[in-house]
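Single-letter residue listing:
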Amino acid sequence: MTQTAAKNQSYADGFLALAQVLNGHASAGQAPSWAQELRDTAWSTFQRLGFPTARRGNERWKYTSVRPLAAARFSISLELDPDSGANIQDVKRLAPWHDDWTNLVFVDGLFSPELSTGDPINQTAAAGSLALSLDGNSIVQQHLGRYTGLDDDGLPALNTAFLRDGAFIHVPRGINAGSVLNLIYLTTPRSQPKAVFPRTLIVAEPNSSVTINESYVSMSDLGHFTNAVTEIVLEDGVNVEHNQLVNEGANAYHVGHTRVHQSQDSAFSSSSFAIGSALARIDFQVTLNGPGSSCNLDGLYLTKDSQHVDNLINIDHASPDTTSNLRYKGILDGNSRAVFGGTVLVRKDSQKATAHQSDKNLLLSDEAEVDSKPSLLIYADDVQCGHGATAGNIDPIALFYLRSRGLDHETASKFLIHAFAGEIIQSVTLEPLRDFLDQLFQDELPAASIKIGVAQ
């Protein structure tokens, strides 16, 4: 057995032990047969694929190493721990919150009724625990696992193998969900690093609309592993606004896969924010599978010290007359590294498609590094498509202008950094969320040990 294979077997054995503990718990017997079959298939796939640790033939993970994650050992929570220390004050401090929203809180991957507030959307819509919806809900059975390809790599397969709880949201035909659905996945401290596997399923039926916030936060800087999968289904004429925040501990590993499937004349807008984790991988894939469907994806990421964030964004124009706009920005300091990659695919019969892709990065130190690789694959001949990527540091002319108005170097620098980030933050339509994000990024902006140079 090679050294690499031995390491792979070691972490596979570790997760096998966790799976055996989970299957031996009383809750395992509550899952319907179809859900257990889905888990078993996913576990077999994970055993075959493993973690994407190979250096060659691994383009999706070319710039991000998960070897430290593969070397770690984790525990899992079998049930809600009354001594976890989770309380409503910490939830409101760490995550976006508004009393008028429907707030669903999950502690260590498990739904917490005590910390959750607000009524369901209305009498005919569902918003609650996925675990409680697995048995007897035909909508969950129809859609769960359908949009997340297990063969992409081993991590979504691992999430599905440990599928247990998360959020299930169902918006019936023609319903305008007036209440914002605020999903908070909170990880609590523990002596041994823990692994959590939250699963989110959102199904919006024709001509409905809903706004959803999805936050991943941690109560401490202790190491843990969040392996999340979110599936969002937009049927004809649906409008979904989706906001996602990843802000876990300084030693946390976060790997998230979001899969969005859109039908005719549906509109999906998403704002993604990543800050704070040792390693964050955000894999976002949108399929425009109906004429007239459109998506608008904004993102902002901030890294410092030795943090690493990787955004992989794929948009598939699978039908004609579809539109996509992608705009991401990054702020990097210290020895940190960011990766932006992904593809806009326009299929052969997807004429009249419009696609724009942009990634801009602000480098605040000579040691920070960004690998940006946007790409277009166009097989139709009547399209409007473009992409671009930039990386540089603070404009010395703009900095000089602010200094000439009496601002010191640090204040002037932070003004410019905040303005760079503000373009993405201000695009968030929910005022309480926008204010929370603005304050969060202001608090985390690096000190002005900034070397003035010319943007490349």
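See the structure printed just above.
Residues numbered from 1 in each chain as written. Predicted model: local features only at pLDDT ≥ 70, side-chain atom pairs only at ≥ 80, totals over all residues. Heavy atoms only, no water.

Describing the pattern of salt bridges
And then number 1: Summed over the entire model, instances satisfying the criterion amount to 18 salt bridges.
And then number 2: K194 is paired through a salt bridge with D108; the nearest N and O atoms lie 2.9 Å apart. In this pair, K194 sits in the loop between strand 5 (181–187) and strand 6 (195–196) while D108 sits in the loop between strand 1 (102–107) and strand 2 (110–111), placing the two residues 86 residues apart along the sequence.
And then number 3: Among the residues examined, K194 registers a relative accessible area of 3% and is labelled buried. (Salt bridge = Lys/Arg side-chain N within 4 Å of Asp/Glu carboxyl O. Helix = DSSP H or I, 4+ residues; strand = E, 2+ residues; numbered from the N terminus. Buried < 20%, exposed > 50% of the residue type's maximum accessible area, 1.4 Å probe, protein only.)

Remarks on unusual backbone geometry
And then number 1: In this model, D321 sits at a positive phi of 55°, which is unusual for a non-glycine residue.
And then number 2: Looking at the secondary structure, you find D321 in the loop between strand 15 (308–317) and strand 16 (323–332).
And then number 3: Unlike most non-glycine residues, K352 shows phi in positive territory, near 65°.

Looking at the sheet that holds strand 2
And then number 1: Here 10 strands make up an open sheet; going across it, the order is 2-1-5-8-10-12-14-16-18-20 and the pairing mixed. Taken across any chain shown, the strands that pair with only one partner, and hence form the sheet edges, are strand 2 and strand 20 (383–392).
And then number 2: Relative to strand 10 (residues 239–247), strand 8 (residues 209–218) runs parallel, the two sharing 9 bridges. Within the sheet, the bridge partner assigned to N213 lies in strand 10 and is N243.
And then number 3: Set on the sheet, helix 8 (residues 409–425) makes contact with strand 12 (267–275), strand 14 (294–303), strand 16 and strand 18 (353–363); between it and strand 16 the angle comes to about 150°. (Pairing = 2+ DSSP bridges. Contact = heavy atoms within 4.5 Å. Axes fitted to C-alpha atoms, helices over the stretch in contact; angles between N-to-C directions.)

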